[in-house]
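# Remarks on the overall topology
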Amino acid sequence: MLRIGLTGDLGSGKSTVARMLAERGAVVLSSDEMGRALMQPGERPYAQIVAAFGSEIVMADGSLDRRKLAALAFDAKNPRVDELNAIIHPAVIEIQLEQLAALAKARPHAIAVVESALIFSTQYAAHGNWRGRFDSVLLVEAPEEEKIRRFVDRVAAGRALSTDARKALEEDARRRLQVQHTTVYPSDCVVLHNDGDVEQLEGQVAAAWEQLLETEQRLALANR
């Protein structure tokens, strides 16, 4: 089985690329979905987050108020995102490894894609750096202002925003990007430039997919 990491900053277009790869036959595992599951009541990371950030982030139904938690984590004066990452990242990576191992047994010739924003930058991988978990990494890049615009549009979800509300979201995006952004990345990762229209991105994904198929076939032959 070929294990591929898919990474990029907030608003870069990772989810779009993940969808395109899934349409071609990849098995996509979302780190965001894993993280959300771990933040549900009854999960150990949930209890750790509440203990660290306080009961004010717990809503009436017992679930976490993700907006309040994000505001605390990305606070401009007292950022606590590393504290949150130290709780979530090791647990998410463990789930990634478990799911990849199960998939390798069930579908030994699959191309598995793990979508995660912090593959290169996380400090909490208990099993070493990304090279021990992935055979290759796809990095999605986009212009800074485009990433910010996409973040704002996603949060707004079609709602009209006041000038102040839009500025606040733009500042929030910039704070998050400061935490996520990887200025130096390995020269052997495959870079997809999401700075044009969808058709241009689709062409890059199609070319990358052909390379992944060839790599998986070589790997399968070598392991016979």
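First, a word on scope: everything that follows refers to the structure included in this document. (Residues numbered from 1 in each chain as written. Predicted model: local features only at pLDDT ≥ 70, side-chain atom pairs only at ≥ 80, totals over all residues. Heavy atoms only, no water.)

Counting secondary structure elements, the protein contains eight helices and five strands. Reading the protein from its N end, one meets helices and strands in the order β-α-β-α-α-α-α-β-β-α-α-β-α. The globule rule puts the C-alpha radius of gyration for 224 residues at 17 Å, and the 18 Å found for the protein is close to it. When each of the 224 residues of the protein is scored for burial, the buried share is 43%. For the protein, the share of sequence-separated contacts (at least 6 apart) that also reach a separation of at least 24 residues comes to 74%. As displayed, the protein offers around 12,100 Å² of accessible surface, 50% of which is attributable to carbon and sulfur atoms. (Helix = DSSP H or I, 4+ residues; strand = E, 2+ residues; numbered from the N terminus. Rg over C-alpha atoms; globule rule 2.2 N^0.38 Å. Buried < 20%, exposed > 50% of the residue type's maximum accessible area, 1.4 Å probe, protein only. Contact = heavy atoms within 4.5 Å. Areas by Shrake-Rupley, 256 points an atom, 1.4 Å probe, with all protein chains shown as cover.)

This part covers the pattern of salt bridges. Scanning the model with the defined rule gives 12 salt bridges in all. Residues K147 and D9 are paired through a salt bridge, measuring 2.9 Å at the closest nitrogen-oxygen approach. Within this pair, whereas K147 is found in helix α6 (residues 144-156), its partner D9 is found in the loop between β1 (2-7) and α1 (14-23), the two being separated by 138 residues in sequence. We classify K147 as buried; its relative accessible area is 4%. A relative accessible area of 8% places D9 in the buried class. Among the ionic pairs, E171 bridges to R174, the shortest N-O distance being 3.4 Å. (Salt bridge = Lys/Arg side-chain N within 4 Å of Asp/Glu carboxyl O.)

Moving on, we come to the pairing of β1. Within β1, five of the six residues are buried, which leaves it mostly tucked inside the rest of the structure. As paired elements, β1 and strand β3 (residues 111-115) share five bridges and run parallel to each other. The partner of I4 across the bridge, within β3, is V113. Bridge count between β1 and strand β4 (residues 136-141): four bridges; the pairing is parallel. The partner of T7 across the bridge, within β4, is L139. (Pairing = 2+ DSSP bridges.)

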